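# Notes for the structure review
Chain residues, written in single-letter form:
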Amino acid sequence: MLDVRNLSVSYGKHRALDGASLRVGKGEIVVILGANGAGKSTLLKAVCGICEGRVSGEALLENSDLVGEKPHKIVEAGIALVPEGRGVFGDLTVEENLTLGAYAERARDDEAGNLQRVLSLFPKLGERRKQTVRTMSGGEQQMVAIGRAMMSNPSILALDEPSLGLSPLLCKDLFESLRVVKQAGLGILLVEQNAKQSLRIADRGYLLENGTIVHEDDAERLANDPAVQKAYLGGSGAATGAKRPGPTQASMPKPSAPRPAAGPKPSDIAAAAMKSVSAPARPAPPVQPAAPAPKPTPVTNGAAPAPKPNAPNIADMVAKANAASSRRNGAAPAPKPATPPQPTAPARPAQPAIPDFASSSDRLRAMIEEIEAAARRAETYKPRR
Ligand SMILES: Nc1ncnc2c1ncn2[C@@H]1O[C@H](COP(=O)(O)OP(=O)(O)OP(=O)(O)O)[C@@H](O)[C@H]1O
């Protein structure tokens, strides 16, 4: 279904991805394992059309090449990204978040059907339809992010480190959810540092080292490979002198390389694309998450598509969400329903501090102002080459 051939990415002079080739079939989970800075996110971003670097090679989906296409075209073609950091709209409800994911043209005709499919895959989201996403646990928010991506009715779901920050128990739930998604016939391209659990659910895996794919195998063989165990699973393969058949040994995770400021921040790009949130006259952009945002800022997948007669208007949606939110709870956020205690406390990522606004409409307005400011920064940004 997805056939990536000889994909390379350079950020200025730095070659972050070097001739990567991989495939993802229907109903198949494929995991990319690699140390920090190996180029995993770069690979996903290049496939999804949101990479800031120079991209060459091919990413064929059902034989049409998506390299060079705009992100919303790639969503229309059938690839949806769940970005690192989720990018959910914390001030909106589960249902509102899911609805925003149905922006793609391929999803609009059957929005109700897609919603039903997502809710039947994730019954918990159905039970929590009216819950404000910010009040949910990290694992539940991740489920919202996956559900929202699935609302675009994709054939390939790409996920960037979805288990990041989740407790072991929530990780287990998350990986189980992905198994359910796979059973629905989607192909899953998964970037993960949690090698143990991802290899448990994956069909095949690739090892990425310094931008090069050095090995490919089925997931079970990878999990039992002493060299892989040593590098990614905390095992003692070195003691056995075992060597992986790839060109080089998998290296131990290394600290992230410093990231040169070669382009606008992903959150700025996302914010620029969201300008129409506060400009109702413009057509709304496609709502596919593009990048991790430092706050619960809405993130999108790039340039705005041509207006469609039946296109939902994001500004209207936000206004509706605003009204619903005010009706729901006035100034205070919805109380968090009791959830069973999680085994390890530090798993939930810190929630961004929310200023004590007088009402939820003030909160929304502040959010929009923040997005506008970021958009203005992005517009005037001039990359230093
Ligand atoms: N926008 C960018 N501009 C310049 N260099 C970048 C940019 N994004 C990534 N890089 C560099 O490309 C290399 C690969 O980064 P990438 O984020 O793809 O790695 P990764 O394997 O996803 O790492 P991690 O697991 O830490 O997220 C790194 O050296 C990184 O510094």
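Looking at an unreviewed UniProt entry, one finds the protein named ABC transporter ATP-binding protein and attributed to Marivita cryptomonadis. Checking UniProt for the protein, the heading Sequence similarities (unreviewed entry) contains the comment "Belongs to the ABC transporter superfamily."

So, on to the environment of Leu-207. Structurally, Leu-207 is set in strand β9 (residues 204–209). Among the residues examined, Leu-207 registers a relative accessible area of 0% and is labelled buried. Between the C-alpha atoms of Leu-207 and Asp-217, which are 10 residues apart in sequence, the distance is 8.9 Å.

On a regular strand, one side chain projects to one face of the sheet and the next to the other, so that they alternate. Across the two faces of strand β6 (residues 79–82) the burial is the same, with Ile-79 and Leu-81 and Ala-80 and Val-82 all buried. Both β6 and strand β7 (residues 156–160) contribute to a ladder of 4 bridges, which runs parallel. Residue Leu-81 lies in a different strand from β7, and its bridge partner there is Ala-158.

Non-glycine residue Asn-63 carries a positive phi angle of around 70°. When you line up the elements, Asn-63 lands in the loop between β4 (54–61) and β5 (64–65). According to the relative accessible area criterion, Asn-63 is exposed, its value standing at 73%.

Before going further, it helps to examine the pattern of salt bridges. This model, assessed by the stated rule, comprises 15 salt bridges. Its salt-bridge partner being Arg-204, residue Glu-28 comes within 2.8 Å of it at the nearest N-O pair. Here Glu-28, found in the loop between β2 (14–24) and β3 (29–34), pairs with Arg-204, found in strand β9; they are 176 residues apart in sequence, far enough to count as distant. Since its relative accessible area comes to 10%, Arg-204 is described here as buried. For Asp-110, the salt bridge identified is with Arg-117, shortest N-O distance 3.4 Å. The exposure class of Arg-117 is partly exposed, given its relative accessible area of 42%. A network of salt bridges, in which partner residues are shared, links Arg-23, Glu-28, Arg-204 and Glu-216.

Right, let's talk about the pairing of β9 for a bit. Across the 6 residues of β9, 6 count as buried, placing the element largely inside the fold. The two faces of β9 match: Arg-204, Tyr-206 and Leu-208 on one face and Gly-205, Leu-207 and Glu-209 on the other face are all buried. In this sheet, β9 lies alongside β3 in parallel orientation, the contact comprising 5 bridges. Bridged to Val-30 within β9 is Arg-204. Strand direction decides the pairing type here: β9 and strand β10 (residues 212–218), joined by 6 bridges, are antiparallel. Paired with Leu-208 across the two strands is Ile-213, which belongs to β10. Where β9 folds back on β10, the antiparallel hairpin that results is connected by 2 residues, among which Asn-210 adopts a positive phi of roughly 45°.

Criteria and thresholds
Residues numbered from 1 in each chain as written. Predicted model: local features only at pLDDT ≥ 70, side-chain atom pairs only at ≥ 80, totals over all residues. Heavy atoms only, no water. UniProt positions renumbered as here; feature names shortened; annotations may be inferred. Helix = DSSP H or I, 4+ residues; strand = E, 2+ residues; numbered from the N terminus. Buried < 20%, exposed > 50% of the residue type's maximum accessible area, 1.4 Å probe, protein only. Pairing = 2+ DSSP bridges. Salt bridge = Lys/Arg side-chain N within 4 Å of Asp/Glu carboxyl O.

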